[in-house]
Amino acid sequence: MQGKEIKGLLKSLTREASLIEPSLAKRLEEIDRWIKNLKPGSLTAKKFVMLFLKQMLNDSKIFFAIQSLSSPEERELYYQQMKPTERYWFWDLFPKWLRENDPKFYIWRQKLMSGEFSQDDKELLEQIVHNINLSKGTVVQRYVADLSMATDLIVSGSLERSLCIQLTSVSDKLSQEKSNNWEDTIRIWRIDRGLFLSYNPGKADFVEEVAEIVLEHSNNLNAGSYKKLSL
Amino acid sequence: MVYNKVSSSQEKLEDFIQLLESSRQLQQDILTRGLDAAYLYVDDVDGDWLENWDEEEGDLETEANGNLAGEKFEKATFVFLNSDDPVAVKVRKRLKEKSLVEIAAELEKCLMLPEENDRRLFAVKELLVGSASLGSKTRGNNDENDDEIEMLELAEDLLEKLVEFLEKSSDRYE
């Protein structure tokens, strides 16, 4: 695909959505305006925008497909095709993001321009997700969740209860600030439980430990709990 | 009709599952490659597509200023095209590269043409045939004439159904 084609896809989906799901159409239009005002120069910005749009278009089509169904039985059948964390994303968090004001949306641009959008923890996240998958857990990762909902990963384990997770290294200078903002942010989105986990990358097998702790808490953390833990 | 309804529902479900698979693949690509995953999806990531983002704004604003009757027609046509009616199913399959909103907009233009000399009919047929090259992989063994005849018949059915549906819908959209 050529880069210029994605705008057409965005516009097309916006028009379809405007007939059936106005909140989706409005959010897509907002994204269009945000991109128009981005005035980027960097390759990082282009990569991010492209991936963000791909993710947004995919998720919007999935959401739109479900909303277009007329019967609850059909919707239930469609939700059954999803993993538990996908159900949580498409049933709860993604519709909330579409329908409600996101106070952080316009801060993304600042982060993008200032280079705060880094990929330092990319390999680590991949390893953690790999370990979670090996233990038969499921994971959803989204830019919207990361940038607006203080959530690096949404994880579920054997009991299929989805949990929003924020990860930080103990050596991260911004760790304390992240910790302070984390609970406020997830409460804004009425996320009913969350885990803020500081890991020590100097410890042996810390990746396996992180995966284990995350899965255990996804099963057992009580509703209404916002737990901070340091390994 | 029941068979068509079942197969249409099954098709939609299969399309949905495909969407889910695409989103899972995208997630995995981003996890594995980070922002470089963009190179998997776009040929010219570092091209000027972002700088030229609002190039076509003028055309889109003109579209948005369409008349109220046009909007109602498009809405009604969209609802028909999205239904399980066998003709709608065939049209969706034929024009699968286009969004339903695009198809509705193009059909609206066709319906503005006069009926004499079958101008309207042939315009709808051309809309359907226009996707023939995209669908040619699955129709490689039929010659062009068979395809034209089939599309002419589908165009007739589509026009008939649209008129019926629009007449029924006209009160709802007033």
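Residues numbered from 1 in each chain as written. Chains lettered and ligands numbered in written order. Predicted model: local features only at pLDDT ≥ 70, side-chain atom pairs only at ≥ 80, totals over all residues. Heavy atoms only, no water.

Engineer: How would you explain the overall build of chain A if you had to name every residue and give the values?
Structural biologist: When you go through chain A residue by residue, the secondary structure sums to 10 helices and five strands. Against the compact-globule benchmark of 17 Å for 231 residues, chain A has a radius of gyration of 18 Å, which places it among compact chains. Seen along its three principal axes, the alpha-carbon backbone of chain A occupies a region of about 50 × 50 × 30 Å. Burial analysis of chain A (231 residues in total) assigns 54% to the buried set. The long-range share in chain A, meaning contacts at least 24 apart out of those at least 6 apart in sequence, stands at 70%. Carbon and sulfur atoms make up 47% of the accessible area of chain A, which amounts to about 10,400 Å² in all. With 33 positive and 32 negative side-chain charges, chain A shows a spacing of 6 Å between the two charge centroids. (Helix = DSSP H or I, 4+ residues; strand = E, 2+ residues; numbered from the N terminus. Rg over C-alpha atoms; globule rule 2.2 N^0.38 Å. Buried < 20%, exposed > 50% of the residue type's maximum accessible area, 1.4 Å probe, protein only. Contact = heavy atoms within 4.5 Å. Areas by Shrake-Rupley, 256 points an atom, 1.4 Å probe, with all protein chains shown as cover. Lys, Arg positive; Asp, Glu negative; His and termini not counted. Charge placed at Lys NZ, Arg CZ, Asp CG, Glu CD.)

Engineer: I'd love a proper account of the overall build of chain B, names of residues and values included.
Structural biologist: What chain B contains, in helices and strands, is eight helices and zero strands. Secondary structure elements in chain B, listed N-terminal to C-terminal, are α-α-α-α-α-α-α-α. Looking at chain B as a whole, 40% of its 174 residues are labelled buried. Carbon and sulfur atoms provide 47% of the accessible area of chain B, an area that totals close to 10,500 Å².

Engineer: Can you break down the interface of chain B and chain A residue by residue, with the values?
Structural biologist: Tallying the contact residues gives 47 residues for chain B and 55 residues for chain A. Note on chain B versus chain A: buried area summed over both sides is about 4,700 Å², and carbon and sulfur give 64% of it. Per-residue buried area on chain B facing chain A is highest for Leu31, Leu35 and Trp53 of chain B; these three make up 19% of the total on that side. Summed over the shared surface of chain B and chain A, the result is three salt bridges. (Buried area = accessible area lost by both parts, 1.4 Å probe. Salt bridge = Lys/Arg side-chain N within 4 Å of Asp/Glu carboxyl O.)

Engineer: So, the packing of helix α2 (residues 22–36) of chain A against helix α3 (residues 43–67) of chain A: which residues are in play, and what are the values?
Structural biologist: Residues and elements named next belong to chain A. One way to put it is that α2 packs onto α3 with a least axis distance of 12 Å and a crossing angle of 170 degrees. When the interaxial angle is binned, α2 and α3 end up roughly antiparallel. Here α2 contributes Leu24, Leu28, Ile31, Trp34 and Ile35 to the contact with α3, which in turn contributes Phe48, Val49, Phe52, Leu53, Met56, Ser60, Phe63 and Phe64. In terms of residue class, the contact of α2 with α3 is made up of 12 nonpolar, one polar and no charged. (Axes fitted to C-alpha atoms, helices over the stretch in contact; angles between N-to-C directions. Parallel < 35°, antiparallel > 145°, perpendicular 65-115°, else oblique. Nonpolar A, V, L, I, M, F, W, Y, C, P; charged D, E, K, R; others polar.)

Engineer: Lay out the pairing of strand β4 (residues 194–199) of chain A in plain terms, naming residues and giving numbers.
Structural biologist: All names here are of chain A. Extensive coverage of β4 is indicated by the burial of six of its six residues. The side-chain alternation of β4 yields two buried faces, one formed by Gly194, Phe196 and Ser198 and the other by Leu195, Leu197 and Tyr199. Pairing of strand β3 (residues 163–169) with β4, which is carried by six bridges, proceeds in the parallel orientation. Within β4, the residue paired with cysteine 164 across the bridge is glycine 194. Taken together, β3, helix α9 (residues 175–188) and β4 form a β-α-β motif whose crossover is right-handed. Where β4 and strand β5 (residues 226–230) come together, five bridges link them in parallel fashion. Bridging across to β5, leucine 197 finds its partner in leucine 229. A crossover links β4 with its parallel partner β5, the connecting element being helix α10 (residues 206–220), and its sense is left-handed. (Pairing = 2+ DSSP bridges. Right-handed = clockwise from strand over helix to strand, strands pointing away.)

Engineer: I'd like to hear about the packing of aromatic side chains, residue by residue, with values.
Structural biologist: Given two aromatic rings, one states the distance between the centres and the angle between the planes to describe the pair. For the structure on display, the rule yields 13 aromatic pairs over all chains. Seen from their ring centres, tyrosine 78 of chain A and phenylalanine 16 of chain B are 4.5 Å apart, and the 40 degrees between their planes marks the pair as tilted. Of the two residues, tyrosine 78 of chain A is situated in helix α4 (residues 72–80) and phenylalanine 16 of chain B in helix α1 (residues 2–33); the pairing between them involves two chains. Using a relative accessible area of 1% as the deciding quantity, one classes phenylalanine 16 of chain B as buried. Among the aromatic residues, ring-to-ring pairing joins Trp34, Phe48, Phe52, Trp97, Phe105 and Tyr143 of chain A into one connected group. (Phe/Tyr/Trp six-rings, centres within 6.5 Å; stacked < 30°, edge-to-face > 60°.)

So yeah, pure geometry; function would need other evidence.
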